[in-house]
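# An overview of the molecular structure
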Amino acid sequence: MKRAEITLEKGQVIGLELYEQDAPGTVANFEKLANSGFYDGLAFQRVVRNFVAQGGCPDGTGRGGTEKIPCETQNNPHKHVRGALSMAHFGPNTGSCQFFICYDTFDYLDPWHTVFGGVISGMEHVDALKRGDIIREIRVIKKSMIVIPSIPIYNSKTASDIAHTHEGEIHMKRGLSGIAVLMLLTFLISACSGGNNAASTNTNASPAATEAAASTEPKDGGSLIIGVASDPQVLNPNYAGDRVSLTIDQALYAPLFQVNNGEKTFYLAESLTPSEDNLTYTLKLKDGLTWHDGEKLTADDVVFTIDSILDEKQNSFLRANFLINDQPITATKVDDLTVEFKLPQVSPAFEATLVQVSPIPKHIFENEADIEKSTKNAAPVGSGPFKFKEYKAGEYLTLERFDNYFGGKPHLDSVTYRIAKDANAANLALQNGEINVQYLDPKDVATIQATNNFEILPYSEGRLAYLMFNANSDTGALAKKEVRQALSLALSRDELIQTAYTSSEYADPAKSFLTPDALYFTNDVTTFDNDAAKAKELLAAAGESNLKLRYIVQSGNKAQEAISLYVQQKLKEIGVEVELQNMDSSAWVQKFIDLKATDYELALTGYIMGYDPDAYRILFTTGASSNYSHYSNPEVDKLLNEGAGEADATKRGEIYKQVQETIAADAPIYPIAYTKTVVAVSKNYGGIDEAVLKPVVIFEDLSKIYQK
């Protein structure tokens, strides 16, 4: 039996020693253990900071000395898992705590219990330590075994460090290279924990054997399991705003067309033709289109969809994009296969607006007073390659093949989206074949690649990761430009990129609110970065002292957790106290998208908006549907409206350069990085190139994927 002793003081790891229990004086080499990734210092620091903030050691007894409980005396019902967690108590005045973690040698995969879950249940004093917090927060890794919160003990196949996940994000549903993208919330893909009835395919077979048996021609049958990090928010393309909902909607609802590298790929539409004056666009639908329930899909559905978006009572965030200088674009049925769009003035952004539209069925929603909250979204009827089958909240959502898909019968029988909020568990599920497709954090790439069972596919999503300042919080502090500038000055982009993304290989420093793939992008704008002295001056000038801010963080999201600790420390250096409020991803999403939320000031998020800068109106126009920072500047409102309708490319470019500079100077957000995305796809699947990798939704057309 061995015991790892981790001594922490004032929020820092100050010692790590490994003892043989029968030879209590034997000390392993600290450097060797530290370099092997035996501990995740950041996670431990967070635990201790939380404990110290409560007045010292967790139980608050104030007893001196230490209290150690031998491992073999613990109440442990699992004979294969012998261990214990105990605490050393030095009292609230010293702010010092010790963790003792005893473990045995594990030679199998325990299917249910973790060391902590199976061991600390018999330790009464742990209740006072918020046992659940310990289970979630403590990470311990040794070369031949791993102990991670909420997942099984895994023997000898683990990475040398603990994986990080992408920070929470919001996607704006917009025409990025033809994809319907909306603001992104969370969530790197995770695995499901237990209770999933969905079919599962083990993909851990030898790649060589698999490839040898694979046919060169696509074959039908089989299933695909995609990991997702939360439940979908709404299965309706007029309202979907999070990555998970958009990913599922991509399979359920077909778009009119998509754009890749400037070239259109038509789906429901057959053609889109502008008039000579560019004020009228004629859309032709393909003949013989049907909804999943067998009803015909016609021009009536397209017109109904546009009218629903424009109806203020229906509260679609897309509405602003169908207004040009506050005048609506109108859609009129010419015949069953033809729709005519009339523009109030020339708009170079119109096609980028229309590319985001996936029609919804008129016969399902025409009498719904509130489409977003309609119960009919619970069993959606779409036109995409897969139709809705089953949804079990918190576990999985399954789609089945739509045989009458206009693009040809899909190869797969079904697609299942496995729901889990723990990225570490997702990585294990991926390696075990319980998940076939998953986003990867840069830190996980080497581990997954080493299995030789997956294609590792990195690509740019045109995504900005940023720290958002909520100007609508009840403190009123962040409504002041000088305060936002001061907070920005306390931070360093280079340090943040290293903290969250490990290196510049996966992230480039960001200064503009536009992304490099957008028209008229420039990173040559005013920036606030890494000047603590100036930050203090601005706070004093704004009349702010002893400022206290609340920062909402997605628990289990390693990039969010790492950045939140960094921000907390850096703002402390300029005299600003930051309270970290941890919540699961679903609760975080609900909090973030609530425009009325006033009980927090800071959140890490991101967006993917597409190539046309008009898309950003819904983020930065006063009172816009997705203006989560509550930023307001009449000059920016005016410029964004002008940019939407300016036909001259040179003049339009000047408008958006001015917008970028003004927003950068006002600092409603702190742009951190333009990040890159990595997806792992099991080698047991083909048709990946034909399916087309897309930002946010992973694949443009799942009908092309087949199981080898």
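What you see is a predicted model; the values in this text were computed from it and never measured. (Residues numbered from 1 in each chain as written. Predicted model: local features only at pLDDT ≥ 70, side-chain atom pairs only at ≥ 80, totals over all residues. Heavy atoms only, no water.)

## Focus: the overall build of the chain
A tally of regular secondary structure across the chain gives 20 helices and 32 strands. For the chain, the proportion of its 708 residues judged to be buried stands at 59%. The long-range share in the chain, meaning contacts at least 24 apart out of those at least 6 apart in sequence, stands at 70%. As displayed, the chain offers around 26,400 Å² of accessible surface, 46% of which is attributable to carbon and sulfur atoms. (Helix = DSSP H or I, 4+ residues; strand = E, 2+ residues; numbered from the N terminus. Buried < 20%, exposed > 50% of the residue type's maximum accessible area, 1.4 Å probe, protein only. Contact = heavy atoms within 4.5 Å. Areas by Shrake-Rupley, 256 points an atom, 1.4 Å probe, with all protein chains shown as cover.)

## Quick notes on the environment of Tyr-600
Relative to the elements of secondary structure, Tyr-600 occurs in the loop between helix H16 (585-593) and strand E27 (602-608). Relative accessible area serves as the criterion here: at 1%, Tyr-600 is assigned to the buried category. A sequence separation of 50 residues divides Tyr-600 from Arg-550, and the C-alpha atoms of the two residues are 4.8 Å apart. Filtering out sequence-adjacent residues up to four positions away, Tyr-600 remains in contact with Met-468, Asn-470, Ser-473, Arg-550, Ile-552, Lys-591 and Phe-592.

## Observations regarding the side chain of Ser-492
Assignment of secondary structure puts Ser-492 in the loop between helix H12 (481-489) and helix H13 (493-501). If sequence neighbours within four positions are ignored, Ser-492 has contacts with Asp-529, Asn-530, Tyr-566 and Tyr-670.

## Let's talk about the packing of H12 against helix H14 (residues 532-541)
A pair of packed helices can be characterised by two numbers: the angle between their axes and the separation between those axes. The N-to-C vectors of H12 and H14 enclose an angle of 160°; their axes lie 8 Å apart at closest approach. Judged by the inter-axis angle, H12 sits roughly antiparallel to H14. In the packing of H12 onto H14, the handedness of the crossing is left-handed. Note on element contacts: H14 touches H12 through Ala-532, Lys-534, Ala-535, Leu-538 and Leu-539, opposite Glu-482, Val-483, Gln-485, Ala-486 and Leu-489. (Axes fitted to C-alpha atoms, helices over the stretch in contact; angles between N-to-C directions. Parallel < 35°, antiparallel > 145°, perpendicular 65-115°, else oblique. Left-handed = near helix turned anticlockwise from the far one by under 90°.)

## Notes on the confidence of the model for the chain
Regions with low pLDDT should not have their predicted coordinates read in detail. Averaged over every residue, the pLDDT of the chain is 75; residues scoring 70 or more account for 69%. Long-range and interchain partners of residues 1-214, a stretch whose pLDDT sits below 50, account for 584 contacts in this model, where long-range means more than four residues apart. (pLDDT = per-residue confidence, 0-100.)

## A closer look at the environment of Ser-545
Along the chain, the position of Ser-545 falls in the loop between H14 and strand E25 (548-554). Ser-545 gets classed as exposed once you look at its relative accessible area, which sits at 55%. Expressed as a C-alpha distance, the spacing of Ser-545 and Val-576, which sit 31 residues apart in the sequence, is 7.9 Å.

## Notes on the nonpolar core
Leu-256, Phe-341, Tyr-417, Tyr-607 and Phe-620 are the most contacted members of the largest nonpolar core, which has 104 residues in total. Per-element accounting of this core gives the leading share, seven residues, to helix H7 (residues 299-310). When sequence neighbours within four positions are dropped, the list of residues in contact with Phe-341 reads Leu-279, Thr-280, Tyr-281, Leu-283, Val-302, Ile-306, Ile-329, Thr-330, Ala-331, Phe-350 and Leu-354. Core analysis: the second largest hydrophobic core is formed by 41 residues, Leu-467, Ala-477, Leu-538 and Ile-574 among them. (Core = buried A, V, L, I, M, F, W, Y, C linked by side-chain atoms within 4.5 Å.)

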